[in-house]
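One-letter residues, chain by chain:
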Amino acid sequence: MEIDWNTIDRKWQKKWLENNDHEIDSNNKEKKFITVAYPYPNSPQHIGHGRTYTIADVHSRYLRMKGFNVLFPMGFHYTGTPILGMAKRVEANDAELIEGFKTLYKVPEDKIKEFVEPVKIADYFHEEIKSGMIEMGYSIDWRREFTTIDPAYQKFIEWQFRNLKEKNLIVQGSHPVGWCPKDQNPVSQHDTLGDVEPDFTEYIVIKFDLNGIKIPVATLRPETLFGVTNIWINPQVMYQKIKVNDEIWITSPECARKLEFLEKKIEVIEDVLGSDFVGQSAKAPHSSDSVLILPASFVKSDNGTGIVMSVPAHAPFDYQALLDSKSGKNKSINSDLLKNIQNIEPISMINTEGLGNIPAKDIVEKMGISHQDDPKLEEATKEIYSKEFYEGILGDNTKQFAGKKISEAKDEIKEWITKTGSADILLELTNSPVKCRCGTECVVKLLSNQWFLDYSNKDWKQKAHRCFEGMNILPNEIRSEFDKVLDWLRERACARQHGLGTKVPWDKEWLVESLADSVIYMAFYIISKYVNKKEINGNDLTDEFFDYVFYGEKDSGEIANKINITKEKLEEIRNEFLYFYPVDSRHSGRDLVPNHLTFFVLNHVALFPEENWPQEIVVNGSVLMAGKKMSKSMGNIIPLRDAVRKHGADPIRLTILISAELLQDADFNVEAINGIKNKLELMYENSTKTKAEEIPELEPEDKWILSMLQNLALNVSQSMDKIRFREALHHILYDFDSELQWYLKRTKSKQRTNISGILHKTLSSRVLMLSPFAPHIAEEIWEKLGNSELASKSAWPSSIGIEIDSKSIQTETLLKSIIDDINNILKVTKISPKKITIYTAEQWKSKAYNSILKNVLDGQTNIGTIIKSLIANKETEQIKKDPDFVKKALNDILSEPVELRKGRMNVGQIDEKQIISSELSSLVKNDYDVELSVFSESDSEKYDPKNKAKAARPFKPAILIE
Ligand SMILES: [Zn+2]
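Report on the accompanying structure.

All right, on to the side chain of Arg51 then. Following the sequence through the fold, Arg51 ends up in helix H2 (residues 47–65). A polar contact is formed between the side chain of Arg51 and the backbone oxygen of Gly621, at a distance of 3.0 Å. Aside from chain neighbours lying at most four places away, what touches Arg51 is Asn620, Gly621, Ser622, Val623, Ile656, Ala660, Glu661, Leu662, Gln664, Asp665 and Ala666.

Judged by pairing direction, the sheet is mixed, and its three strands sit side by side in the order S25-S24-S26 without closing on themselves. Whereas interior strands pair on both sides, the edge strands pair on one side only; in this sheet they are strand S25 (628–629) and strand S26 (666–668). Where strand S24 (residues 623–625) meets S25, two bridges bridge the pair, whose relative direction is antiparallel. Of the residues in S25, the one forming a bridge with Met625 is Lys628. Strand contacts of H2: S24 and S26, with the helix running at about 150° to S24, the strand carrying the most contacts. Together, S24 and S26 form the strand contacts of helix H22 (residues 649–658), whose direction differs from that of S26 by roughly 140°.

What follows concerns helix H4 (residues 95–104). The set of residues buried in H4 consists of Leu97, Ile98 and Phe101. End-on view of H4: buried residues confined to an arc of 95°, all on one side of the axis. Opposite the packed face of H4, turned more than 90 degrees from it, sit the exposed residues Ala95 and Glu96. Packed against the buried residues of H4 are helix H3 (82–91), helix H5 (109–114) and helix H6 (118–135). Directly beyond the C-terminal end of H4, a positive phi value near 55° is found at Lys106.

Further remarks concern the coordination of the zinc ion. Coordination of the zinc ion by the protein comes from Cys180 (SG), Asp183 (OD), Cys436 (SG) and Cys438 (SG), over a distance range of 2.2 Å. Around the zinc ion, the four donor atoms are arranged such that angles at the metal cover 98 to 119°; this shape is classified as tetrahedral. Read in sequence order, the donor residues coordinating the zinc ion give the pattern C-x2-D-x252-C-x1-C. The class of Cys436 is buried, set by a relative accessible area of 3%. For Cys438, a relative accessible area of 32% puts it in the partly exposed group.

On to empty space enclosed by the protein. All told, the structure shown has two cavities of 30 Å³ or more when counted by the stated rule. For the largest cavity, the calculated volume is near 70 Å³. What lines the largest cavity is simply Thr79, Gly80, Thr81, Ser188, Asp191, Arg496, His498, Leu500, Leu511, Val512, Glu513 and Ser514. Residue classes in the lining of the largest cavity are distributed as three nonpolar, six polar and three charged. The calculated volume of the second largest cavity comes to roughly 60 Å³. Taken together, Arg51, Ile55, Leu657, Ala660, Glu661, Leu662, Ile723, Phe725 and Arg726 make up the lining of the second largest cavity.

Rules of the game
- All residue numbers here refer to positions counted from 1 along the written sequence of the relevant chain.
- Reporting in this predicted model follows two pLDDT cut-offs: at least 70 for local features of residues, and 80 or more for side-chain atom pairs to be given and counted; totals over whole chains, interfaces and linings ignore these cut-offs and use all residues.
- Where side-chain values are given, they derive from all heavy atoms of the structure, hydrogens and water being excluded.
- Elements are defined by DSSP. Helices are runs of H or I of four residues or more, strands are runs of E of two residues or more, and each kind is numbered from the N terminus.
- Under this definition, polar contacts are N or O atom pairs within 3.5 Å; protein pairs additionally need one hydrogen-donor-capable and one acceptor-capable atom, and for neighbouring residues in sequence, both atoms have to be side-chain atoms.
- Contacts: residue pairs with any heavy atoms within 4.5 Å of one another.
- Strand pairing requires that DSSP identify at least two bridges connecting the strands.
- What counts as an axis is a line fitted to C-alpha atoms, over the stretch in contact for a helix, and the angles between N-to-C directions run from 0 to 180 degrees.
- Throughout this description, buried means an accessible area under 20% of the type-specific maximum (1.4 Å probe, protein chains only), exposed means over 50%, and partly exposed covers the range between.
- By arc we mean the arc of the directions from the helix axis to the C-beta atoms, nothing more.
- The donor definition counts N, O and S atoms within 2.8 Å of each metal and applies 3.2 Å to Na, K and Ca; water is not among these atoms, so some sites may look incomplete.
- A four-donor site is classed as tetrahedral when every donor-metal-donor angle falls between 85 and 135 degrees; four donors are called square planar, and six octahedral, when trans pairs exceed 155 degrees and all remaining angles lie between 65 and 115, with any other arrangement labelled irregular.
- With a 1 Å grid spanning the protein atoms alone, the term cavity applies to any set of points in which a 1.4 Å probe fits but cannot get out, the term pocket to an open set with protein on both sides within 12 Å along at least five of seven lines, and the term lining residue to any residue with an atom within 4 Å of a point.
- Grid points are joined across faces, edges and corners, and a volume is the space filled by probe spheres set on the points.
- Residue type decides the class: Asp, Glu, Lys and Arg count as charged, Ala, Val, Leu, Ile, Met, Phe, Trp, Tyr, Cys and Pro as nonpolar, and the leftover types, Gly among them, as polar.

Here it is as structure tokens:
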């Protein structure tokens, strides 16, 4: 039966809206507060965005059916530079961008013209995204909607910032940031192409002296200065002689540019070729000795300063380059110089257990490296570096540092060199090139006198760790990622010069950055309802107001007076905050783990008392389009609203959820969506065929199908509680089908006409379980089933109110397995049956079987031990007659699910002969059109021409087909 999805979608969305079903206020029920990262409206949503929101919606709807008062609100994040960048591109008539707006997103042309104003872009896509969310059936309380440039929100962010500053968590200082030289703005993940967080590392620059000119070498291992034998320069590279503040340096041009962003005044004097320095000597800062400057091709101009010091005992590159120099093959080395080079020997200065005196030599030889451009040198370097860092002890030639571990002495040595005035720092991106959304390559900038969130603060980190420990993280495997992020976090610039947003309250030239104004807004959903209802005026809000709502500080009457509301209203807001906070579940995509989600926790622990700390984080993976990553360049982005128009909301919701559990990538493809549609259409069709008739006195198969239904309810509820939605959906949609088929087969063979009530009950329960996932079609079917209440307002069927009937499970399992066996025999022998005879096992076998079963359940599966105990017992000693029986029965038991074994133990012996005779004859007649005879192995009068009866075992009767 084909379904008009869009009509059904609209019908139920209208009904929910009329009932205000998703408008949630505080009441006397237990609450749940579910939030999801709000969207950034610079384009419409596509299928990929739909995943996180759909998961959060299913979660909300499920908890509502479980009886909770669930608030699921939504806001829109206007803050930041990307929208600004877009407006500029529209202004510049960027053909690619405008074409995308027209063809992919179908934005009317007159609208595109308005997009030169950033707010117009945000407003347009805000409405577009909101419409999509409504069309997807998300159960959002839209009365609480806001944007981050609303006056009330800005007051809220000002309060947040002043509060953090008072706690010394926003500090002014000089710290490195990722930086776009064109925009003159710090950049983080949201500002870059491909959403990469710029990552950087700090090099120590040690300045050697060449007649007053500085030869700076950059290193991550300043301690190895004690092992320096020479300096390497690339003879082919055109270096620059530059003035750095008051000194003259020789560096690569790339380094000169990097230095500009590190608060240094740079003046280029002239270009100088690397080879000009070969053969000269420079003085090291730690001794009166000079070292030779030698040529090396492995030295790259874009790395560090473009010049390195050589520590051949501990650096494989240096060791190999020294060998190359000594070989005499290098043409830029003349014969005089070559003589001097022959005198250079590695200086060992680190002792590490398990490594030789000259570890670089050993590893170069072990790896069979023969020249300095061999890529294996990278691996060799890493291996030695990490071993020496953790286990190395500084040797006697390192003066005051002798005997110390590298990992401990590193910072001391850094400080010591810095004091000599011969050191500096150089910051470099480790994941370059990182490009800003404007297309410019990012650099590391030392930002001075800037506002930073002090995420390096140890107490703050500690508190956040404590919060994470008490939190539910789904899936739990991602927990360690949060710990790592927290440990590595450092000061983070929290102000920007351009973009939409809130001004830093004490420094109005700066705007609060977008990953700083989006971390505690869940609390604002309480307030926004009153702003939107015009019960409070956003412009009136003061810090005192927020202190009262969030902390209960000071006198409500006085504060209310100042902001022109009644004391009662203010107290109502406070109470609503107390009711809904803390956040019970925060949903987001995995890409926000290293930033937003961690900042969300950090800011909550800084600003709210412990009872209001977040309770749970749920992280999901992305959506692939027919196995491929979605991207504009691949042309495989499907806007969500287009997909809803084409397929309906529910098929999309299910397709996104059924292909993957949380962290895996989900796949969206046409076959999957068609499969889902067929399945839902079938359920819909079935709903028109059953009626809520009275359920008759239960027959064995009725008891069984209801037990199975009860099992289903338990399993689905368990999966739902763990947000294992893929698993839950499979249970609901598919797992029950084979059970239902068996039930129909059984009842048909018995020519029963009174099963409508039972079918109605099973379908009703499944539809209720489906309701959080496919809310529209579930309501439609629920209505067809004759219900006047909404499915979404019904109680979740955690239990269908029936006790699981273990005996009927054993009975039906037995009958099913006999039918399976008959079918298998027929398949193998290819005979058309004329007569079927079944033999059930005799009494002593049942006793022995139960004894073996008990052994297995007690953990005893050793066949020798089991046989011994059986023989020792009078009741079962007969197994001596048939020792093979024990082995087979043991295998029967081990091949069955543990649950079934336990049930069998509880139920004890069942009268197989009686059950098979009374329940299976009609089925055999129906399926094969033959008569069924049943004998016990012990019957003296049995028909047994092929001597089959002796093969019978409990739950495994012998079968003769003729
Ligand atoms: Zn830029």
